Amino acid sequence: MLDDSRMENVFDQFIAGHLRRVLLCFPLFHGDPMTPNVNLCQLIERFGNDEKCRKALETLRWPDGPKCLRCNGDATPVKDRDTFDCDSCHYQFTVTTATIFHDTHLDLWKWFLCTYLLCESRKGMSANQLKRTLGVSYKTAWYLCHRIRKAMTEADHKLSGTVEIDEMYIGGHTKNADKWKKHAPVVGIRERGGHLHFISAANLNQDKINEIIARNVDKSVDVIMTDESRLYNFNATKFQGKHKTVNHKSEEYVRYGGGLCVTTNAIKSAFSLFKRGVVGAWHKVSVKHLPTYLQEMTWRFNNRKNQYLFRDTMLRLLASDNLEYKELTKAA
Ligand SMILES: [Zn+2]
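In this report, the structure presented in the accompanying data block is examined. Computed from a predicted model, the values in this text were never measured in an experiment.

### Some details on the sheet that holds strand β8 (residues 243–246)
Spatially, five strands are ordered β6-β5-β4-β7-β8 in an open sheet, and the strand pairing comes out mixed. Here the strands that pair on one side only, and so sit at the sheet edges, are β6 (196–200) and β8. Taken over all neighbouring pairs, the strand axes of this sheet differ in orientation by 25° on average, direction set aside. Against the sheet, helix α9 (residues 265–282) contacts β4 (162–170), β5 (184–191) and β6, and its axis sits at roughly 30° relative to β4.

Written out as C-alpha cells, the structure reads:
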C-alpha cells in the first residue's frame with residue numbers, strides 16, 4: 001500500500017514527466033516547418049491550407065530567401081500577392097513557377113497530404129484509397145500518385161559488401177498458359193544492412209543478369225549470394241570467385257561456412273513486401289508502370305531510417321519535371 005506522501009510523490013513525478021514531454025514537443029511547432037518524423041496531426045496543423053504550404057515550399061526552395069528564377073538575384077514579395085519581384089531584372093514569379101505544382105488545379109495541401117501518405121504507408125496505397133481519403137476523382141488520385149512516384153528517384157550508386165540477388169515474376173495468372181507471357185521479371189539486389197535495388201527486365205537470361213549486376217554491384221563487393229538457378233553464372237565476369245549459392249531445390253535456405261551465412265532471405269523478404277503491396281494495395285500493376293511502383297517501394301525501403309523522408313520527398317518533387325497525363329496513359 002502506498003501512503004499519502006508516496007502517492008503525492010508518484011503524482012508529482014507523473015506531472016513532471018508529462019510537462020517535460022509537452023515542453024520537449026513544443027519546439028516542433030515552431031521554426032523549420034520540416035521537422036523530423038512528422039505525424040499526421042502535425043502535418044494537418046502545419047500544412048492544412050495552401051497558405052501554409054506555400055510558406056513551406058518557399059523555405060524548402062529558397063533556404064536563403066527568394067531568388068530570381070532568371071538571374072538568381074534577390075527578390076522581394078509583392079504586397080498582398082503570392083508573387084515575388086526580382087530586385088534586379090523585375091521578373092515576377094511564384095514559389096511554384098517552373099515546378100511540378102505550377103499548372104496543377106489541385107490544392108497544394110492535397111499534394112502535401114498525398115506525398116505524406118505515400119511516404120508513410122509501408123506497402124503503398126492504391127489510387128482508390130487516395131480518392132476516398134482526399135475527396136478527389138480516381139483519375140486525379142491516380143495521376144497524382146504517378147507524379148509523386150516519379151519524384152521518388154535515388155541517385156545511382158553501386159552496392160557492395162555482402163550482396164543478395166534473386167528474381168521474382170509479377171502479374172498474370174497460372175490458369176491460362178498465355179498469361180505467363182505477361183509475367184514481368186524483376187531482379188532484386190540487396191546489400192546486407194544497406195540499400196535495395198529492384199530492376200525490371202523484359203526477359204531474363206545469363207547475359208541480361210550479368211549486365212544488370214555490372215550496373216548495380218560494385219567490383220569491390222565481398223560476396224554475392226544467390227540460389228542455385230542457372231541464371232547466375234559469374235565465371236566470365238569480374239565477380240568470378242565471389243559467388244556463393246544456397247540450394248533451394250534441396251530445401252537449403254541458410255548455410256554457414258567459412259565465416260559466412262549464405263542465404264537469400266534478406267532479398268526474399270524485400271520481394272514479399274513488394275508482393276504484399278501488389279496484393280493488398282495496388283491490386284494490379286501493369287508491366288508499363290511496374291518500374292515506377294518498384295521505384296516507390298525501393299525509395300521507401302532505402303529511406304526507412306531517414307527521419308526526413310517527407311521533407312526529402314517534397315524536395316524531389318520541387319526539382320522534378322512535370323509528367324504529362326497523356327504521356328502516362330499512352331500505349332507502351
Ligand atoms: Zn532577376
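### Re the environment of Ile 44
Inspection of the secondary structure assignment puts Ile 44 in helix α2 (residues 40–47). For Ile 44 and Leu 113, which are 69 residues apart along the polypeptide, the C-alpha to C-alpha distance reads 8.1 Å.

### Some thoughts on the nonpolar core
Within the largest apolar cluster, 31 residues are counted, with the highest numbers of intra-cluster contacts made by Phe 112, Cys 114, Cys 145 and Ile 148. The element contributing the most residues to this core is helix α4 (residues 108–120), with eight residues. In this structure, Leu 159, Phe 198, Tyr 232 and Ala 270 belong to the second largest nonpolar core, which totals 25 residues.

### Some thoughts on the packing of helix α5 (residues 127–134) against helix α6 (residues 138–151)
Packing of α5 against α6 leaves a shortest axis separation of 8 Å and a crossing angle of 115°. Taken as axis vectors, α5 and α6 run roughly perpendicular relative to one another. Helix-helix and strand crossings are classified by hand; for α5 and α6 the assignment is right-handed. Facing α5, whose interface residues are Ala 127, Asn 128, Leu 130, Lys 131 and Leu 134, α6 presents Tyr 138, Ala 141, Trp 142 and Cys 145. By residue class, the composition of the contact of α5 with α6 is seven nonpolar, one polar and one charged.

The rules behind each value
- Residues numbered from 1 in each chain as written.
- Predicted model: local features only at pLDDT ≥ 70, side-chain atom pairs only at ≥ 80, totals over all residues.
- Pairing = 2+ DSSP bridges.
- Helix = DSSP H or I, 4+ residues; strand = E, 2+ residues; numbered from the N terminus.
- Axes fitted to C-alpha atoms, helices over the stretch in contact; angles between N-to-C directions.
- Contact = placed C-beta atoms within 7 Å.
- Core = buried A, V, L, I, M, F, W, Y, C linked by C-beta atoms within 7 Å.
- Buried ≥ 20, exposed ≤ 12 C-beta atoms within 10 Å, placed from the backbone.
- Parallel < 35°, antiparallel > 145°, perpendicular 65-115°, else oblique.
- Left-handed = near helix turned anticlockwise from the far one by under 90°.
- Nonpolar A, V, L, I, M, F, W, Y, C, P; charged D, E, K, R; others polar.

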